[in-house]
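Structural features, examined
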Amino acid sequence: MTSSTDVIIPLSRLRSGNARGDLRVLLIGPYDPKGGEYTFLAPPLGVWRLAGVLQQEATTTHVFDPNCCDESPEASLTALMRQARWDVVGISTTGMTLQYDLALAHLVKRLQPGTLLIAGGMEATFEPEAMLNRAPFDVVVLREGEAPLLEIVRRLKAQSAIDGIPGTVRRAADGTVQRTSGSALGRDALKHSIFQIPYRDMPYPAYWARLEHSYRIGALPMKADREARLAEIRSVRLITLNYCPMGCTFCSSTNFLNAAQDSTAKIARLNAHECVSMIQAIVQAQPGVRTIIFQDDIFVFRSDERILPLCEAIVTAKGRGDLPDTLQFISTNRIDAMTPIRLAAMRQAGFRVLGFGVESFSLGILREFNKSQIHPFIESVLASALALGITPFLDMILTSPRCQLEDVAENVRQAFRWIEAGCEVGMYPYVIPFSGAAMARDPELRPATTFALRDVEGTSVSWNQATKILPIDPVVRETVVQTEATFDAWLTELSAVVPHLPSRLRSLLWILSAIPELERRRCDVPSQQAVAQALVRRLPAGRDSSALVWSMVGQRRAG
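The sections below set out a description of the structure shown in this document. All of these numbers come straight from a predicted model, not from anything done at the bench.

**Focus on the sheet that holds strand β5 (residues 139-141)**
Pairing in this open sheet of seven strands is mixed, and the strands run β2-β1-β3-β4-β5-β6-β7 from one edge to the other. Whereas interior strands pair on both sides, the edge strands pair on one side only; in this sheet they are β2 (60-64) and β7 (177-180). Along the sheet, successive strands turn relative to each other by an average axial angle of 20°, direction set aside. Pairing analysis gives six bridges linking strand β3 (residues 88-93) to strand β4 (residues 116-121), with the strands arranged parallel. What sits directly across from serine 92, in β4, is glycine 120. Helix α2 (residues 45-56) contacts β1 (24-28), β2 and β3 of the sheet and is inclined by roughly 165° relative to β2. Relative to the sheet, helix α3 (residues 73-83) contacts β1 and β2, its axis offset from that of β2 by approximately 160°.

**A few points about the packing of helix α17 (residues 405-421) against helix α20 (residues 503-520)**
The contact between α17 and α20 brings their axes to 10 Å, and the two run at 140°. The orientation of α17 relative to α20 falls into the category oblique. Remark: the crossing between α17 and α20 carries left-handed chirality. Of the residues in α20, those touching α17 at Leu405, Val408, Ala409, Val412, Ala415, Phe416 and Ile419 are Ser507, Leu508, Ile511, Ala514, Ile515 and Leu518. Residues that form the contact of α17 with α20 fall into these classes: twelve nonpolar, one polar and no charged.

**Quick word on the packing of aromatic side chains**
Inspection of the entire model under this criterion finds nine aromatic pairs. Here tyrosine 31 and tyrosine 100 contribute two aromatic rings whose centre-to-centre distance is 5.9 Å and whose plane-to-plane angle is 65°, an arrangement assigned as edge-to-face. Of this pair, tyrosine 31 sits in the loop between β1 and α2 while tyrosine 100 sits in helix α4 (residues 98-111); the two residues are 69 residues apart in sequence, bridging distant segments of the chain. For tyrosine 31, a relative accessible area of 10% puts it in the buried group. Here tyrosine 100 falls in the partly exposed class, since its relative accessible area comes to 22%. Judged by centre distance (4.9 Å) and plane angle (70°), the ring pair of phenylalanine 250 and phenylalanine 369 falls under edge-to-face. Of this pair, phenylalanine 250 sits in the loop between β8 (235-238) and α11 (256-261) while phenylalanine 369 sits in the loop between α15 (363-368) and α16 (378-387), and the two are 119 residues apart along the sequence. A relative accessible area of 0% means that phenylalanine 369 is categorised as buried. Feature note: the residues Phe294, Phe299, Phe329 and Phe351 constitute an aromatic cluster, connected by ring pairs. Sitting over the ring of phenylalanine 195, lysine 191 keeps its end group 5.8 Å from the ring centre.

Criteria and cut-off values
Residues numbered from 1 in each chain as written. Predicted model: local features only at pLDDT ≥ 70, side-chain atom pairs only at ≥ 80, totals over all residues. Heavy atoms only, no water. Pairing = 2+ DSSP bridges. Helix = DSSP H or I, 4+ residues; strand = E, 2+ residues; numbered from the N terminus. Axes fitted to C-alpha atoms, helices over the stretch in contact; angles between N-to-C directions. Contact = heavy atoms within 4.5 Å. Parallel < 35°, antiparallel > 145°, perpendicular 65-115°, else oblique. Left-handed = near helix turned anticlockwise from the far one by under 90°. Nonpolar A, V, L, I, M, F, W, Y, C, P; charged D, E, K, R; others polar. Phe/Tyr/Trp six-rings, centres within 6.5 Å; stacked < 30°, edge-to-face > 60°. Buried < 20%, exposed > 50% of the residue type's maximum accessible area, 1.4 Å probe, protein only. Lys NZ or Arg CZ within 6 Å of the ring centre and 35° of its normal.

Spelled out as structure tokens, the structure:
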């Protein structure tokens, strides 16, 4: 496996120093010790984008990826810090990985107290003061990090003060927190950043090897199954959009740039020609790639002038041999932006999976999520996509803070129906209160919000972090709490015999866990036997997993 400490800069250069006297910058991605539970199991794309921009400006930059180390992340980072002096260390943070990200921040300062330590990422933008309170950060970067980091490096090289840089937060000598707002990247600057991503240096093969081992690809009996999983695993991610403007109440990404510049940011994204250029660059940099995943929150808008020319350009590029004919694509899209013409064009271009943030089949829950406009389109678009041979992947949230029992039952019924029809589903049981989301800031939902004590390893730092927004209705709340308890117990049992249970299978386990609770409350739901059969069909072949599923169902019925 390629270690994350072997990319961007050869370690021999780090040990011998830099003859030009350049600053050394170390960028650290979010640390997910659960191996993809909280983040994508892939190189941290935003961090690598920053590295590419800094490298182009003649700044020696290295990426440390805590999720792709031969040793423990702490041991690997310690070794890296002892092999070279770092002038600037930037750590990307997310709400789900925060306690682990902060532990790395404390480790950096213990090892090199003189380094300038910077916090960035989603959590840093929404909670900059908390970052300064919980870890020894010198600067917090708001929004996209390119402009602030370039200015910080420029001033350090000039031995100038770094106060008042747009898009940063610092603690002044008197203890007050000083915030200097800055504007989001415009289209040209965004394009420049994306085109500087050093895909050739990113350790995708190491990630692919880990995933192939987890999936036990060689053990799959059917060649078609092996090829499908390899196409899914050997993927490279590309972002072509700066942010999602939809304003879903449970989501924080809509507010990310707006919060940083204290106003509404303009949409910026690559055009069709630029997308194809980036796809070609990725294929050249990572020739083993089989699938390009467009990681935009929304790839196709309702008023979209890009998708049809893009699909046509991809088909043309494949016909000329500029792209492999077998190259496939995955994207996340507004379901109300899908028309028969667009779906057909995407299928011809090689889009094999289309992600849809359906969230719920209940109109009431969709209204609560500020997504009721998509409800009339769900049925027809899913049917049309399946008819074309496209697999829809549906992101779902089983409950909402103000939902009723029938809303939950409707989600269970429809999710199982569409899974059986050929869709795949990723399911969460409740809303997660991400910093910056409207629901996380709603005082009426505070009593329904649960908190967990978070400790930063190796320090005395701790805080209560919001982790769930449960349904307000006591019956619905009890239903989802019991469902989660059953799911957790069954997942533990299954994990002992099934090496990897992806979200598409976990969704069936959620449905299987919810049915007894809903049946007990006289809701109309699929039979547990039918769902168990569907799960067994999709599990890796073997008597152990099949027998275990039926044993779990039998025990539940007996109980």
